[in-house]
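Understanding the architecture of this molecule
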Amino acid sequence: MKFFIDTANLSQIREANELGVLDGVTTNPSLMAKEGIQGVENCKKHYVEICNIVDGDVSAEVIATDFAGMIKEGEELAALHPNIVVKVPCIADGIKAIKYFTGKGIRTNCTLIFSPGQALLAAKAGATYVSPFVGRLDDISSDGIELVSKIVDMFTYYGYPTQVLAASIRSTQHIIQCIEAGADVATCPLAAIKGLLNHPLTDIGLAKFLEDYKKVNG
Ligand code: G3P
């Protein structure tokens with residue numbers, strides 16, 4: 001499973017990248033706003049900065065919700081860097097835009113996926129990725145991981161090449177569940193990725209190794 005980091009924060013992206021296991025980055029308008037990035041040109045500059053840090057796919061989301069607007073924005077975003085993936089919401093014009101981008105060889109991430117039917121439409125339009133939102137389904141007492149699993153099974157059954165990118169990941173446990181569900185990618189907060197490292201037996205074992213080494217070597 002690939003690891004993407006779900007943030008527009010450059011220092012967190014650098015820290016995750018330095019671990020050596022980062023495969024890409026996802027952003028969205030809320031994450032860009034959280035970093036205080038204002039205006040179209042500043043957003044574009046920020047995406048290029050991210051692409052210069054990470055050697056992997058970087059999702060950049062369109063703001064327009066109409067077909068013509070999405071095409072214009074998406075083409076501008078795709079032209080910024082070869083690693084840009086145009087992120088498009090799962091609405092009717094978004095599906096049309098994904099079909100258009102697919103024909104132009106522009107890679108896409110269909111976002112705000114909350115059902116297998118939405119994922120199927122995006123896959124039929126040729127989306128590179130679909131992003132089911134795990135945490136937001138859990139928030140309403142639904143089952144986000146079950147959705148990831150259903151989409152993985154559907155794409156496998158029908159042979160769609162679209163990758164399942166589990167989004168809205170909130171915890172280390174979500175990451176483990178995504179692995180079990182067969183997600184192609186999980187896009188995660190930095191803390192959830194770092195949480196994978198934690199195990200008390202590792203800490204106890206390491207302390208014992210060092211203690212035993214010191215006994216003999218001083
Ligand atoms: O990738 C989508 C993600 O950023 C949404 O996460 O925590 O706002 O539901 P969250």
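Structural data are supplied above this passage.
Anyway, here's the lowdown on the structure attached to this text. (Residues numbered from 1 in each chain as written. Predicted model: local features only at pLDDT ≥ 70, side-chain atom pairs only at ≥ 80, totals over all residues. Heavy atoms only, no water.)

1. Observations concerning the pairing of strand β6 (residues 129-132)
Because side chains alternate across β6, one face comprises the buried residues Tyr-129 and Ser-131, and the other comprises Val-130 and Pro-132, equally buried. Bridge count for strand β5 (residues 108-113) against β6 is 3 bridges, and the pairing is parallel. Bridging from a neighbouring strand, Cys-110 pairs with Val-130 of β6. Crossover β5 to β6 through helix α6 (residues 116-124) is right-handed. For β6 and strand β7 (residues 163-166), the ladder comprises 2 bridges, and the chain directions are parallel. Its bridge partner lying in β7, Tyr-129 is registered against Gln-163. (Buried < 20%, exposed > 50% of the residue type's maximum accessible area, 1.4 Å probe, protein only. Helix = DSSP H or I, 4+ residues; strand = E, 2+ residues; numbered from the N terminus. Pairing = 2+ DSSP bridges. Right-handed = clockwise from strand over helix to strand, strands pointing away.)

2. Side note on the packing of helix α4 (residues 67-78) against helix α5 (residues 92-103)
The N-to-C vectors of α4 and α5 enclose an angle of 45°; their axes lie 9 Å apart at closest approach. Classified by the angle their axes make, α4 and α5 are oblique. Pair α4 / α5 crosses with right-handed handedness. Where α4 approaches α5, its residues Phe-67, Met-70, Ile-71, Gly-74 and Glu-75 are matched on the opposing element by Asp-93, Gly-94, Lys-96, Ala-97, Tyr-100 and Phe-101. In terms of residue class, the contact of α4 with α5 is built from 6 nonpolar, 2 polar and 3 charged. (Axes fitted to C-alpha atoms, helices over the stretch in contact; angles between N-to-C directions. Parallel < 35°, antiparallel > 145°, perpendicular 65-115°, else oblique. Left-handed = near helix turned anticlockwise from the far one by under 90°. Contact = heavy atoms within 4.5 Å. Nonpolar A, V, L, I, M, F, W, Y, C, P; charged D, E, K, R; others polar.)

3. With respect to a nonpolar patch on the surface
Nonpolar side chains collect at one region of the surface, where Met-1, Ile-176, Ile-179 and Leu-196 lie side by side and expose about 310 Å² of accessible area between them. Note that Ile-176 resides in helix α9 (residues 172-181). With a relative accessible area of 33%, Ile-176 lands in the partly exposed category. (Patch = residues over 30% accessible without salt bridge, like charges linked within 9 Å, V, L, I, M, F, W, Y side chains within 5 Å. Areas by Shrake-Rupley, 256 points an atom, 1.4 Å probe, with all protein chains shown as cover. Salt bridge = Lys/Arg side-chain N within 4 Å of Asp/Glu carboxyl O.)

4. Description of the side chain of Thr-162
Following the sequence through the fold, Thr-162 ends up in the loop between α8 (144-158) and β7. What makes Thr-162 buried here is its relative accessible area of 4%. A polar contact of 2.7 Å, which involves the side chain of Thr-162, links it to the backbone oxygen of Ala-127. Not counting residues up to four positions away in its chain, the partners in contact with Thr-162 are Ala-123, Ala-127, Thr-128, Tyr-129, Val-130, Phe-155 and Asp-184. (Polar contact = N/O pair within 3.5 Å; in protein donor to acceptor, adjacent residues only side chain to side chain.)

5. Thoughts on the sheet that holds β5
Each strand in a sheet pairs with another by means of backbone hydrogen bonds, the pair being arranged parallel or else antiparallel. Read around the closed barrel, the 8 strands follow the order β1-β2-β3-β4-β5-β6-β7-β8; overall the barrel is parallel. With direction set aside, neighbouring strand axes in the sheet form an average angle of 30°. Here 4 bridges tie strand β3 (residues 57-61) to strand β4 (residues 84-89), and the two strands are oriented parallel to one another. Counted as the bridge partner of Val-58 is Ile-84 from β4. Contacts between α4 and the sheet are confined to β3 and β4, with β4 contributing the most and set at about 160° to the helix. With respect to the sheet, α6 is in contact with β5 and β6, its orientation differing from that of β5 by roughly 165°.

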